[in-house]
Structure formats: C-alpha cells, structure tokens
Amino acid sequence: MKIVLAYSGGLDTSVILSWLKEEYEAEIIAFCANIGQAEELHGLPKKARKTGASKLYIDDLQEEFARDFIFPILQAGAVYENQYLLGTSIARPLIAKRMVEIARKEKADAIAHGATGKGNDQVRFELTAAALAPRLPVIAPWRDASFREQFPGRAEMIAYCEQKGIPVQATARKPYSMDRNLLHISYEAGMLEDPWYDSSHPRNREYFTTLSVLPEDAPNQAEYVELEFAKGNCRAVNGRKMTPLEVMKTLNKLGGRHGVGRVDLVENRFVGMKSRGVYETPGGAILHAGHRHMESLTMDREVMHLRDSLVPRYAELVYYGFWFSPERFALQALVTESQKNVTGTVRLKLYKGGIYVAGRKSPFSLYNPHIATMEADPARAYDQSDATGFIRLNALRLKVAAGVHGPLKG
C-alpha cells in the first residue's frame, strides 16, 4: 500500500507518519507544501526519512498561493466572524489539491492528513479531495479510535517522538500548536485553551511574536505606505511594481515591524464547538484595510452593499472548506465583476498596531467634491429642494403604520 501524507514535520504529522507506516504496513510518501513557513522547512528531508518516509516532496507553491488563493479572498474582503482573515483556511485547499496531484503521479492508494477529528482542517482537506478526486480514499488517523487510545494527549505524542528519536518543536513548556504560511501564523491549544489567558501580555512576547511585535514594542515613529491597486488587486507598494508573492513578503515585514494584524479570538468551528486562536496577519491586515479604502472611493453604493451582504457567506465557504464548490466560484465571479473599477492608490499610516488611512486617489473615483461640497454646487447636480419629496416618500409607510398601530415608542 502507498499513502501520500500531508507532512509538516510538526508533532502531529511526525507521529502520524510513523504510525501509518506501522499500522498499514505502507510506503509513506510525505508531502510538504512550501507556502511561506520559512525556517520551519529547514532539515525537513532528513527528518522525514528518519521518521520513515520513502520519499519527500517539498513543492514551492508560494507564488500560486499568493496569486490564486490569498489575493482572491482579499479581493472579496473575506473576514470570518469580523476578525479572522482566513490564513489557515485558505491554505488547505491548495495543499489538498497538490496532494491529489502527487497521489495520481505516484499511483498512491490513499492520501492522509494529520488534522484532528475536532477541527476544521479535516473538513477542508477532505472536501477538496472529494471535489477533485472523488474516488481517492482519505485516511484520518485522529478519527481512528486505536490512534486516539494510544495518543490521548500531546504529552503522549511528545513522549513517542522522544522514544523514536524524532525531533519536534513542541515541548511540555511550549505545548501549543502553530501553523505558519505566507498569510499568517496561528497558535492554538496548550495555555491558549484558557480564554482568560492574556496572549498579548509583555511577558508572553517570546511566544506569540513570530511575524509581528507587540504594539508597545513597535517604533514610536509612524510609517507610511502606498498601495497601488488594479481591479481590486495590489500591484505595487511604494511605487514599486510587485508580484502577489512580493507584495505579501514586503507587507508582512512592514506590518510586523509595527505590530499590526494581531488577533486573539474565540471563533465558531464548522464542527460545532468554539475554539480560541491567536493570529498574526500583518501583510494581510494592511491589504485588507487598503483595499477597503480603495473600494470606498471607486465602488458603486449598491454594488458595494450587495457584495458586503455576501461577504459572511463567502468567508464561511472558505472557512468551512468549500473552496472548490460551485457556489464559491459563482460568488467569485460576482467579486471579479465588482472589482473592475477598484483601481488607484491608497496611502496608509502604520503606528503601534494601528492602520490609518492617510489618503486615496483613483482615475475611477466616484467622489465628486463639487457635488459633496457644503458650498454652492457649481455642477448643479443636486438640488436640496428635491430632498423634501424624497424624505416624504420614504416616510409614507412609517406614517401609515403609525396611523394604524400608533406611534412607536422610543
């Protein structure tokens, strides 16, 4: 039997690689997607072989990730539960897509992942596989009772790795789980399972500051950045043309220096429970803010309100794992149409964890100072007298209802 395993070299997938090989008497082909983990990829080939893999694929998918996954969700303004910029969620369909491709190339019998049976990632991996390779079996060890009996907690997994001589980052002192990519880094479990625990306290700066400093440690001097957008996508930073990958790397460094994009939230998982996560998303936070300010200048009101009404649905689709679904493709088509005039430049000020707009301009600006002015309108496009009838018509249903039911009480 041949199994392709999504492998990060972390605690869970290290244990699972060894366990799968023994339990299924299988050849394990490990796959790691390079989507911006940086130093976490160092030494991975040696570690995978030592853990029992017959082969390791490390594919650099960073440009594809930025262009085809990160930029579309930022263009859509997608934020889950008004806080989470979907850093882990959007990475999973790309990883699963490549796993399916490797499985076909290697003529594998199944693919496997290390997502826990309690989380969202299991759904994201398997819905993607269902859409792209409906007949390919998926093995999920965390849903196997014998696996859970052997590894009831992270302490047992750490002990297993020590016994097998597998080096892992997780320790009894740092038991939380991390997931890093080009868009963000997330932290879960361990001490974070207490929602009263203060992840932003200065004493924790060594734990949750991989991509960004705490706001109080940011420079005392504000820094400005100019983002140039074309059809809703950032094409240049401070006048320099960049690829999506270059944009993300540049803004991650800049935003991280000023402590922007830090989020600590309790969110609703797709499987029905609440979970607590800490996220650092410096570049994504800058792009999200800049994009919104560009839209405010260039997007028609009704188009914006329609798109905004669909943002929660779009974000849910990504969070739940329905990236490769007909409804997500349909929403993306609407997003693409809505963005055709979202072109121009936004200037932002970064200071102590905050992102502030400091100017915006566009050749497609719908803002007309001659119409909006509080002075006499030289264009004569708006006559204040017209507002009387406008208000009277909008008030009609309220007056009729008040006449029938009585005035509403404040």
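A brief report on the enclosed structure follows. (Residues numbered from 1 in each chain as written. Predicted model: local features only at pLDDT ≥ 70, side-chain atom pairs only at ≥ 80, totals over all residues. Heavy atoms only, no water.)

## Describing the overall build of the protein chain
When you go through the protein chain residue by residue, the secondary structure sums to 13 helices and 14 strands. Viewed in the frame of its principal axes, the protein chain has a C-alpha envelope of about 80 × 55 × 45 Å. With 410 residues in all, the protein chain has 49% of them scored as buried. Within the protein chain, contacts between residues separated by at least 24 positions form 72% of all contacts whose residues are at least 6 apart in sequence. Looking at the protein chain, you have 53 positive and 48 negative side-chain charges, and the mean spots of the two groups are 3 Å apart. (Helix = DSSP H or I, 4+ residues; strand = E, 2+ residues; numbered from the N terminus. Buried < 20%, exposed > 50% of the residue type's maximum accessible area, 1.4 Å probe, protein only. Contact = heavy atoms within 4.5 Å. Lys, Arg positive; Asp, Glu negative; His and termini not counted. Charge placed at Lys NZ, Arg CZ, Asp CG, Glu CD.)

## Points about the pairing of strand S14 (residues 354–361)
One ladder, built from 7 bridges, connects strand S13 (residues 344–351) with S14; its direction is antiparallel. Bridged to valine 346 within S14 is arginine 360. Here S13 folds back onto S14, and the loop between the two strands holds 2 residues, one of which, lysine 352, carries a positive phi near 50°. (Pairing = 2+ DSSP bridges.)

## Remarks on the packing of aromatic side chains
Within this structure, the stated rule accounts for 15 aromatic pairs. When the centroid spacing of 5.0 Å and the interplanar angle of 50° are considered together, the rings of phenylalanine 147 and phenylalanine 151 count as tilted. Taking relative accessible area as the criterion, phenylalanine 151 reaches 1% and is therefore assigned buried. When the ring centre of phenylalanine 329 is taken as reference, the NZ or CZ atom of arginine 328 above it lies at 4.6 Å. (Phe/Tyr/Trp six-rings, centres within 6.5 Å; stacked < 30°, edge-to-face > 60°. Lys NZ or Arg CZ within 6 Å of the ring centre and 35° of its normal.)

## With respect to helix H4 (residues 87–106)
Taking 1.5 Å of rise per residue, the 20 residues of H4 would be expected to cover 28 Å, and the 29 Å separating its terminal C-alpha atoms lies within 8% of that figure. Counting buried positions along H4 yields 15 of 20 residues, so the element is predominantly enclosed. A positive backbone phi angle near 55° is found at lysine 107, which sits one or two residues after H4. (Expected span 1.5 Å × (residues − 1).)

## Some points on helix H3 (residues 62–75)
Along an α-helix, a turn takes 3.6 residues, which lines up residues three or four apart on a common side. A rise of 1.5 Å per residue sets the reference length of H3, with its 14 residues, at 20 Å; its end C-alpha atoms lie 18 Å apart and thus fit the reference within 8%. Considering bend angle alone, the principal kink of H3 is centred on phenylalanine 69 and spans about 25°; proline proline 72 follows within four residues of it. In terms of burial, H3 is a largely internal element, 11 of the 14 residues being buried. Of all the residues in H3, the buried ones are Gln62, Glu64, Phe65, Ala66, Phe69, Ile70, Phe71, Pro72, Ile73, Leu74 and Gln75. Downstream of H3 by one or two residues, glycine 77 has phi in the positive range, about 70°. (Bend = angle between axes of the 7 residues up to and from the residue.)

## What to know about the packing of H3 against helix H8 (residues 244–257)
One can describe the packing of H3 onto H8 by two numbers: an axis separation of 8 Å at closest approach and a directional angle of 85°. Comparing their axes, H8 and H3 come out roughly perpendicular. Here Gln62, Glu63, Ala66, Arg67, Ile70 and Phe71 of H3 come into contact with H8, specifically with Pro244, Leu245, Val247, Met248 and Lys249. Looking at the contact of H3 with H8 residue by residue, the classes come out as 7 nonpolar, 1 polar and 3 charged. (Axes fitted to C-alpha atoms, helices over the stretch in contact; angles between N-to-C directions. Parallel < 35°, antiparallel > 145°, perpendicular 65-115°, else oblique. Nonpolar A, V, L, I, M, F, W, Y, C, P; charged D, E, K, R; others polar.)

## Things to note about the sheet that holds strand S9 (residues 233–237)
Strand order in the open sheet made by the 5 strands is S10-S9-S8-S13-S14, with antiparallel pairing throughout. Edge positions in the open sheet fall to strand S10 (240–241) and S14, since each of these has one partner strand only. Taken strand by strand, H8 contacts strand S8 (223–230), S9, S10 and S13, and its axis lies near 155° from that of S8.

## What to know about unusual backbone geometry
Non-glycine residue leucine 86 carries a positive phi angle of around 70°. Its place among the elements puts leucine 86 in the loop between H3 and H4. One non-glycine residue with positive phi stands out, namely lysine 352, at about 50°. Relative to the helices and strands, lysine 352 resides in the loop between S13 and S14.

## Description of the side chain of threonine 51
Secondary-structure assignment places threonine 51 in helix H2 (residues 44–51). The exposure class of threonine 51 is buried, given its relative accessible area of 8%. Within polar-contact distance, the side chain of threonine 51 engages the backbone oxygen of lysine 47 at 2.6 Å. Excluding anything up to four places from it in sequence, threonine 51 contacts Tyr7, Ser14, Leu17, Ser18 and Ile166. (Polar contact = N/O pair within 3.5 Å; in protein donor to acceptor, adjacent residues only side chain to side chain.)

## Overview of the layout of surface pockets
Put simply, the second largest pocket is a space of about 280 Å³. For the lining of the second largest pocket, the secondary structure elements donating two or more residues are helix H9 (282–298) and helix H10 (301–320). Counting residues per element, the lining of the second largest pocket draws most heavily on H10, at 7 residues. (1 Å grid on protein atoms, 1.4 Å probe; cavity = no way out; pocket = protein on both sides within 12 Å on 5 of 7 lines; lining within 4 Å. Points joined across faces, edges and corners; volume = space filled by probe spheres on them.)

## Some remarks on the nonpolar core
Counting residues in hydrophobic clusters, the biggest one holds 71 residues, and the most contacted among them are Phe31, Phe65, Ile73, Leu86, Leu227, Leu251 and Leu287. With 9 residues, the top contributor of residues to this core is H4. One finds Leu11, Cys32, Ala112 and Ile139 within the second-largest nonpolar core, a separate group that totals 28 residues. (Core = buried A, V, L, I, M, F, W, Y, C linked by side-chain atoms within 4.5 Å.)

## Let's talk about the sheet that holds strand S11 (residues 262–268)
One open sheet holds the 4 strands; their spatial order is S6-S7-S12-S11, and the pairing between them is antiparallel. Edge positions in the open sheet fall to strand S6 (177–180) and S11, since each of these has one partner strand only. Each adjacent strand pair in this sheet contributes to an overall mean axis angle of 25°, direction not counted.

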